[in-house]
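As a plain string of letters, each chain reads:
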Amino acid sequence: MVVGDFAIELDTVVIGSGPGGYVAAIRAAEMGQKVAIIEREFIGGVCLNVGCIPSKALIAAGHHYQESLDSTMFGVTTKGVELDFTKTQEWKDNQVVNSLTTGVSFLMKKHKIEVIEGEAFFVDENTLRVIHPDSAQTYSFNNAIVATGSRPIEIPGFKFGGRVLDSTGGLNLKEVPKKFVIIGGGVIGAELGGAYANLGSEVTILEGSPSILPTYEKDMVKLVTDDFKKKNVTVVTKAMAKEAIDNGDSVTVKYEVDGKEESVTADYVMVTVGRRPNTDDLGLEQAGVEVGERGLVKVDKQGRTNVSNIFAIGDIVPGAALAHKASYEAKIAAEAISGKKVEVDYKAMPAVAFTDPELASVGMTIAEAKEAGLEATAYKFPFAGNGRAISLGKTEGFVRLVTTNEDNVIIGAQIGGVGASDMISELSLAVESGMNAEDIALTIHPHPSLGEITMDASELALGLPIHI
Ligand SMILES: Cc1cc2nc3c(=O)[nH]c(=O)nc-3n(C[C@H](O)[C@H](O)[C@H](O)COP(=O)(O)OP(=O)(O)OC[C@H]3O[C@@H](n4cnc5c(N)ncnc54)[C@H](O)[C@@H]3O)c2cc1C
């Protein structure tokens, strides 16, 4: 501590205001803790500012543009459709991102959470130093929840800047690139690749592994690769990106496939090969907090680190880097500080790729069930057998249930199709509460709705299908 600098005392301090941090702060305040939150860049974190939300806004804009260009199937003909991408970006920033981040700031005020601007560093297990461009302050605290999130990984030969973009650069482009190369066909790359293809870019995705979206099963990925073919998105798998050469008004990307050197020239290249936890520059070692593999903080089932008054949540702890996982862990950690006997259970943690069509999954795949020694069967019902899907003109995809052979308990589900991101919640509830296929089949689903596909899949699991 600097001489003459008196520490300000805090009860619970949260570092980072993403979906982990701001949710932890609110829940801790609801539990009666006196809470302060420290944020160095933007309220709402990556998710609200440069992640989940702005990416979904661009995806939605791409859908509107495509529908405006071609809705002849519905008897709608349009002329003179134009895209004003400056307006798209203004809408994304001002109407979408801003309204949500302002909302989070309002919630902080409402819960009397003190917002401290600046970068936090641990001095020891009860002290933090917060650096602001024109000031610095020391704080002592009783409990800390660390939710500092993650940042994009840079790869050799692709230094971010100019025409080499990270996902944030990709979200904030001023124009739709005529040609756009994306390195990394994971969820972020595939989502933004699809969005820019819909907005008019000629997209090439270079993926190092044998398939894009490697966390999803083959038949789910095929739905997206089939759609990419329709969109003229080129997908090159087993492609090792080597170097980006800035030509001034374009960028040439060199890559290798099966030992053969190839290249592609585009307006921009975006690198989305993964994210690194923000744990390296936080003074965690000064607080005695153990950091494990790949910079992830080791925690117990309450999010408690090896230092009993310091918790860690979200992208800096093991598991999928997802906003809803961060928020879930946030509530557990905040409640644990108040002495509640709570712990995480990830059995029903959904994951979604907002591609065309959307992919969503929860619980086990059939392969995982078998690997775990469970006797289980997968039942798949197609969107093409559903009236609502047909009337929407979106018949690609399926709902698959993985149920135990003995009593039809739903232990996992995968959905590929329009609306999968919303439909998966019913099945998350089913997995979470140990429901069986009969519970779903006996639930009256409104007609016509996409939800009926889930009911139909359940009836299939019971051996009593109506629509197949
Ligand atoms: C393009 C993109 C799209 C995505 N889409 C989705 C999606 O659709 N669904 C989904 O579930 N997830 C999505 N994600 C992932 C999601 O954004 C993250 O999982 C989520 O933001 C993690 O939340 P967090 O609270 O752990 O951290 P973050 O949201 O990263 O927030 C951490 C905050 O901590 C601050 N901070 C860091 N260090 C300090 C410090 N020392 N002092 C003070 N403040 C600090 C940072 O400035 C930041 O605001 C997406 C990510 C990207 C990049």
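Computed from a predicted structure; not experimentally measured. (Residues numbered from 1 in each chain as written. Predicted model: local features only at pLDDT ≥ 70, side-chain atom pairs only at ≥ 80, totals over all residues. Heavy atoms only, no water.)

Caption draft 1: Fine view of the UniProt feature "active site" (unreviewed entry) in the chain. Under the present numbering, the feature "active site" (unreviewed entry) in UniProt falls on H447. In this structure, H447 sits in the loop between α12 (437–441) and α13 (451–461). A distance of 2.8 Å separates a polar atom in the side chain of H447 from a polar atom in the side chain of E452. (UniProt positions renumbered as here; feature names shortened; annotations may be inferred. Helix = DSSP H or I, 4+ residues; strand = E, 2+ residues; numbered from the N terminus. Polar contact = N/O pair within 3.5 Å; in protein donor to acceptor, adjacent residues only side chain to side chain.)

Caption draft 2: Representation of the site of the ligand. For the ligand, the set of nearby residues contains 39 residues, the closest of which are G20, E39, K56, D315 and A323. One of the backbone N or O atoms of G20 is found 2.8 Å from an oxygen atom in the ligand. A distance of 2.6 Å is found between an oxygen atom of the ligand and a side-chain nitrogen or oxygen belonging to K56. For the ligand, whose accessible area on its own is 1000 Å², the fraction buried by protein is 95%. The set of elements that each furnish at least two residues to the shell around the ligand consists of β2 (35–39), α2 (45–50), α3 (52–69), β4 (119–124) and α8 (323–337). Here the residues of the shell around the ligand sort into 17 nonpolar, 15 polar and seven charged. (Near = heavy atom within 4 Å. Areas by Shrake-Rupley, 256 points an atom, 1.4 Å probe, with all protein chains shown as cover. Nonpolar A, V, L, I, M, F, W, Y, C, P; charged D, E, K, R; others polar.)

Caption draft 3: Representation of the packing of helix α1 (residues 21–30) against helix α4 (residues 85–110) within the structure. At a minimum axis distance of 10 Å, the contact between α1 and α4 shows a crossing angle of 25°. Comparing their axes, α4 and α1 come out roughly parallel. The handedness of the crossing between α1 and α4 comes out as left-handed. Here Y22, A25 and I26 of α1 lie close against α4, whose contacting residues are V104, L107 and M108. For the contact of α1 with α4, the class distribution of residues is six nonpolar, no polar and no charged. (Axes fitted to C-alpha atoms, helices over the stretch in contact; angles between N-to-C directions. Parallel < 35°, antiparallel > 145°, perpendicular 65-115°, else oblique. Left-handed = near helix turned anticlockwise from the far one by under 90°. Contact = heavy atoms within 4.5 Å.)

Caption draft 4: Structural view of the state of the cysteines. This model, assessed by the stated rule, comprises one disulfide. What pairs with C47 in a disulfide is C52, and their sulfur atoms sit 2.3 Å apart. Linking C47 and C52, the disulfide has an S-S dihedral of approximately -130° and is accordingly described as left-handed. Looking at C47, the relative accessible area reads 11%, which means it is buried. (Disulfide = S-S within 2.5 Å. Buried < 20%, exposed > 50% of the residue type's maximum accessible area, 1.4 Å probe, protein only.)

Caption draft 5: Focus on the sheet that holds strand β13 (residues 251–257). With antiparallel pairing, three strands are arranged side by side in an open sheet as β12-β13-β14. At either margin of the open sheet sits one strand with a lone partner, and together these are β12 (239–246) and β14 (260–266). Strand-to-strand twist in this sheet, taken as the mean axis angle between neighbours without regard to direction, amounts to 25°. In this structure, β13 lies alongside β14, joined through seven bridges in antiparallel fashion. Its bridge partner lying in β14, V251 is registered against A266. (Pairing = 2+ DSSP bridges.)

Caption draft 6: Quick peek at α13. Burial within α13 is extensive, with eleven of its eleven residues counted as buried. Taken together, the buried positions of α13 are G451, E452, I453, T454, M455, D456, A457, S458, E459, L460 and A461. As for α13, its buried residues are in contact with β20 (376–382), β21 (398–404), α11 (420–432) and α12. Backbone geometry just after α13 places G463 at a positive phi near 80°.

Caption draft 7: Local environment of the sheet that holds strand β8 (residues 164–165). One open sheet holds the five strands; their spatial order is β8-β15-β9-β10-β11, and the pairing between them is parallel. Each edge of the open sheet is held by one strand with a lone partner, namely β8 and β11 (234–236). Here strand β10 (residues 202–206) pairs with β11 via three bridges, running parallel. What sits directly across from T204, in β11, is T234.

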